[in-house]
Amino acid sequence: MKKKNGILYELNKNKVKFLMIMPAVLYFFIMCYVPMTGIVLAFKNYTYTGGIFKSPWVGFNNFKFFFNSGKAFLVTKNTILYNIAFLIINNFLQITVAIILSELAGKCFKKISQSLMFLPYFISWVVVGAFIYNLFNYEFGAVNTLLNSMGMEPIDVYSNPSAWKYILVAVSAWKWVGYGSVLYLAAILGIDSEIYEAADIDGANIFKKIWHITLPSLKPTVIILLLLSLGNIMKGDFQMFYQVVGNNGLVLDATDVIDTYVVRSLMDLQEFGMTAAAGLYQSVLSLFIILGANKLIKIIDNDYALF
Amino acid sequence: MKIRKDRLVFNILGVVVILLITLFCVLPFLLILTGSITSQGSILRDGYRFIPKEISFQAYQIIFESPDMLLKAYGVTIMVTVIGTLTGLFFTAMTAYVLNSKDFKYRNHFSFYFYFTTIFGGGLVPWYIMMVKYLKMKDTYMALIFPLLMNVIYILIMRNFMKSIPDAIFESAKLDGAGDFTIFLRLVLPLSKPSLATIGLFIALNYWNDWYNAMLFVDKQSMFPLQYFLYQILSKLDFINQTASRSGVPVPQMPSEPMKLAMTVVATGPIVLLYPFVQKYFVKGITVGAVKG
């Protein structure tokens, strides 16, 4: 008889379950685990005929090339700073909206405004790109039309790198405000209503209740969500940056993040080795940040730890 | 009943803030809509404005007179979305079912196997080479379907949904001699209809809005999905000119500006119209997803 807790016993007992989970296992094996071995490309000079495994080794040359290009520091800095700005502003806005919606009377108003705020989440980044063109086009964009009619000088954002910081932050806020406030609203609705009733009896006004009950109750959720997004701080939202800014050489210094840099080098320059090196640099740094964030979460509240 | 003063102040402030943010969210949509029905001449002269100076539906006329390219793109997107969503949803649910069965000893190992892919990856290049060189997916519809088929987060959310199905149901079915696959097909799927709708809509939205995989893997114009087709229209003038030559309007008289916007409206319209009916499923998905993954 087989051992009762051996892997073969388990395989036999749950044959069907193993079969049922196999498609997903294979899928992620092909799409994620096999490409992980492609990390070696970062140390190779990729040739199409050689493929991943037979191309010649070049040591750390790809990394040298990436770091000496002067781009490594720039794109890393941009990625991190943009993500921090998105994090702070988006969360602030989402929490504000959630708190107001939770306290406001007027069911119909709340429902309609919430629906409209959620709308941007459903729109593809290509369409967002069309919005940006429509607003900021130099000759006939709506913003310049407005500035003109007020007798002000039109602005040309496509030759003005510093404008993009504000545009990108605004676009990110626009896209996620509805989505995020749904999340925080759920957290607020989960707060014990007896606490509010007790505060009412004590004569606390609404601002006091928000300050002393709602915000402190949200604190753990906020901290966890912030730490979770910290894990993505090295990842630029490629679709957003690519569609909003476009392939616009003049403002690249202000808008290039690791992900746009990687795709551009791959698609335009076919720089496989150097691009793979940049990708590996990003993945490894990300992994360390996630491990660190997870440690912090464990200290704060073990229940929310990722693993 | 007297309204307390602090309530009054809060309500006024709150309504103003919410109104401003709502306006901020909706304005770009309105601008596109009004821009698309403005005449080319007015746009070149006066620029885009909220209230068009010269209304003209010429852009829509041209689009609907020779809609073959647009319809083709719609067809690709609908096909990819339907096939991808149904297949992806089936495998997602099946995987979630196994990960949720208590008598499956290695479920935590498998969960971690899936989860690990979200925290570490080989980056774009090896994945791209895998897709193109080894899976031979360049210029195939599979390249548009395969990359979005399964998503670890959706599997984990689905598993969370399934946790609410009482174990007793599985046990009694087992006593009646039902196998795992039968239980999944006959019991779990029908019982999970609301959660299937939620996850299905998330997957469908990903397919509908996808242009990235088309950019990476598809060069053939006839295979462009809707969003990538729109991207071509917006970024490349010759696309507009091609439409012009098909519709018989001379190129210099093409209303190229309103046409870009009209194309955007035609490509986005269905999603915006459908949105009020599906919104509640998304809200549910976000709230369940926020509970530990």
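Residues numbered from 1 in each chain as written. Chains lettered and ligands numbered in written order. Predicted model: local features only at pLDDT ≥ 70, side-chain atom pairs only at ≥ 80, totals over all residues. Heavy atoms only, no water.

Draft legend 1. Quick look at the domain arrangement of chain A. Residues and elements named next belong to chain A. The domain architecture assigned to chain A consists of domain 1 (1-59) and domain 2 (62-304). Taking the mean C-alpha position of each, domain 1 and domain 2 sit 34 Å from one another. On the side of domain 2, seven residues touch domain 1, which itself brings seven residues to the contact. Between domain 1 and domain 2, the buried area comes to about 560 Å², and carbon and sulfur atoms account for 74% of it. Applying the counting criterion to the domain 1 and domain 2 interface returns zero salt bridges. Taken together, the connections running from domain 1 to domain 2 amount to two residue pairs in polar contact (both at pLDDT 80 or more). (Domains from an automatic or database assignment. Contact = heavy atoms within 4.5 Å. Buried area = accessible area lost by both parts, 1.4 Å probe. Salt bridge = Lys/Arg side-chain N within 4 Å of Asp/Glu carboxyl O. Polar contact = N/O pair within 3.5 Å; in protein donor to acceptor, adjacent residues only side chain to side chain.)

Draft legend 2. Spotlight on empty space enclosed by the protein. Residues and elements named next belong to chain A. Taken as a whole, this structure holds three cavities of 30 Å³ or more when the rule is applied. Roughly 80 Å³ of volume is contained in the largest cavity. Per element, the largest residue contribution to the lining of the largest cavity is three residues, and it comes from helix α12 (residues 238-245). Of the residues belonging to the lining of the largest cavity, the class tally is four nonpolar, four polar and two charged. (1 Å grid on protein atoms, 1.4 Å probe; cavity = no way out; pocket = protein on both sides within 12 Å on 5 of 7 lines; lining within 4 Å. Points joined across faces, edges and corners; volume = space filled by probe spheres on them. Helix = DSSP H or I, 4+ residues; strand = E, 2+ residues; numbered from the N terminus. Nonpolar A, V, L, I, M, F, W, Y, C, P; charged D, E, K, R; others polar.)

Draft legend 3. Summary view of the interface of chain A and chain B. The interface of chain A with chain B comprises 99 residues on the first partner and 99 residues on the second. Each partner contributes to the roughly 9,200 Å² buried at the junction of chain A and chain B, and carbon and sulfur atoms together form 76% of this total. Among the residues of chain A in contact with chain B, A:Lys17, A:Met20 and A:Phe122 are the three that bury the most area, contributing 9% of the side total. Here chain A and chain B share three salt bridges between them. Close ionic contact of B:Asp180 with A:Lys17 constitutes a salt bridge, the shortest N to O distance being 3.3 Å. At the boundary of chain A with chain B, the tally comes to 23 residue pairs in polar contact (both at pLDDT 80 or more). Broken down by element, the residue count for the side of chain A that touches chain B peaks at 18 residues, all from helix α2 (residues 15-37) of chain A.

Draft legend 4. The arrangement of the nonpolar core in detail. Ranked by size, the top nonpolar core spans 196 residues in total, and within it A:Val244 and B:Phe114 carry the most contacts. When residues no more than four places from it in sequence are discounted, the contact partners of B:Phe114 are A:Ile21, A:Ala24, A:Val25, A:Phe28, B:Thr95, B:Leu99 and B:Val152. (Core = buried A, V, L, I, M, F, W, Y, C linked by side-chain atoms within 4.5 Å. Buried < 20%, exposed > 50% of the residue type's maximum accessible area, 1.4 Å probe, protein only.)

Draft legend 5. Focus on helix α10 (residues 180-191) of chain B. Residues of α10(B) that are buried include every one of B:Asp180, B:Ile183, B:Phe184, B:Val188 and B:Leu189, and no others. Down the axis of α10(B), the buried side of the element spans an arc of 150°, and every buried residue falls inside it. Buried residues along α10(B) sit in contact with α2 of chain A together with α4 (68-100), α8 (152-162), α9 (167-175) and α11 (193-208) of chain B. (Arc of directions from axis to C-beta.)

Draft legend 6. Representation of the side chain of B:Glu257. Mapped onto the elements of the fold, B:Glu257 is located in helix α15 (residues 256-290). Apart from the residues lying within four places of it in its own chain, the contact partners of B:Glu257 are A:Tyr133, A:Phe140, B:Gln40, B:Ile43 and B:Tyr48.

Draft legend 7. Spotlight on the pattern of salt bridges. In total, this model carries 12 salt bridges over all chains according to the counting rule given. Between A:Lys71 and A:Asp256 there is a salt bridge whose closest N-O contact spans 3.5 Å. Of the two residues, A:Lys71 sits in helix α5 (residues 71-103) while A:Asp256 sits in the loop between α13 (252-255) and α14 (258-269), which places them 185 residues apart along the sequence. A salt bridge links B:Lys260 to B:Glu257; the nearest nitrogen and oxygen atoms lie 3.8 Å apart. Residue B:Lys260 and its partner B:Glu257 are both found in helix α15; the two are separated by three residues, about one turn of the helix. The pair formed by B:Lys260 and B:Glu257 is uniform in burial state, with each residue classed as buried.

Draft legend 8. Here's a closer look at unusual backbone geometry. The phi angle at A:Gln270 is positive, at roughly 55°, despite the residue not being glycine. One can find A:Gln270 in the loop between α14 and α15 (272-300). Positive phi is not limited to glycine here, since B:Lys136 has a value of about 55°. You can see B:Lys136 is positioned in the loop between α6 (124-134) and α7 (142-145).

Draft legend 9. Representation of the packing of aromatic side chains within the structure. By the definition in use, this model includes 57 aromatic pairs over all chains. Taken together, a centroid distance of 4.7 Å and an interplanar angle of 40° make the contact between A:Tyr46 and A:Phe272 tilted. With A:Tyr46 in the loop between α2 and α3 (51-54) and A:Phe272 in helix α15, this pair connects stretches of sequence that are 226 residues apart. With 5.3 Å between their ring centres and 90° between their planes, A:Phe67 and A:Tyr281 make a pair best called edge-to-face. Taken together, the residues span a long stretch of sequence, with A:Phe67 in helix α4 (residues 61-68) and A:Tyr281 in helix α15 at a distance of 214 residues. Among the residues examined, A:Phe67 registers a relative accessible area of 41% and is labelled partly exposed. One aromatic cluster is present, built from ring pairs that chain together A:Tyr27, A:Phe28, A:Tyr33, B:Phe112, B:Tyr113, B:Phe114, B:Phe116, B:Phe120 and B:Phe146. Seen from the ring of A:Trp125, A:Lys175 lies directly overhead, with NZ or CZ sitting 4.7 Å from the centre. Between the NZ or CZ atom of B:Lys133 and the centre of the ring of B:Tyr134, over which it lies, the distance is 5.8 Å. (Phe/Tyr/Trp six-rings, centres within 6.5 Å; stacked < 30°, edge-to-face > 60°. Lys NZ or Arg CZ within 6 Å of the ring centre and 35° of its normal.)

Draft legend 10. Examining a nonpolar patch on the surface more closely. On the surface, A:Val284, A:Phe288, A:Leu291, A:Phe307 and B:Phe112 cluster together into a nonpolar patch covering about 440 Å² of accessible area. Tracing the backbone through its elements, the reader meets B:Phe112 in helix α5 (residues 107-119). (Patch = residues over 30% accessible without salt bridge, like charges linked within 9 Å, V, L, I, M, F, W, Y side chains within 5 Å. Areas by Shrake-Rupley, 256 points an atom, 1.4 Å probe, with all protein chains shown as cover.)

Draft legend 11. Region of interest: the packing of α14(A) against α15(A). Residue and element names in this part refer to chain A. Look at α14 against α15: their axes get within 9 Å of each other, and the N-to-C directions meet at 160°. Compared by their axis directions, α14 and α15 come out roughly antiparallel. α15 is crossed by α14, and the crossing has left-handed handedness. Residues Ile258, Asp259, Tyr261, Val262, Ser265 and Leu266 of α14 form the contact with α15, whose participating residues are Phe272, Met274, Thr275, Ala278, Gly279, Tyr281 and Gln282. Its residues placed into classes, the contact of α14 with α15 shows eight nonpolar, four polar and one charged. (Axes fitted to C-alpha atoms, helices over the stretch in contact; angles between N-to-C directions. Parallel < 35°, antiparallel > 145°, perpendicular 65-115°, else oblique. Left-handed = near helix turned anticlockwise from the far one by under 90°.)

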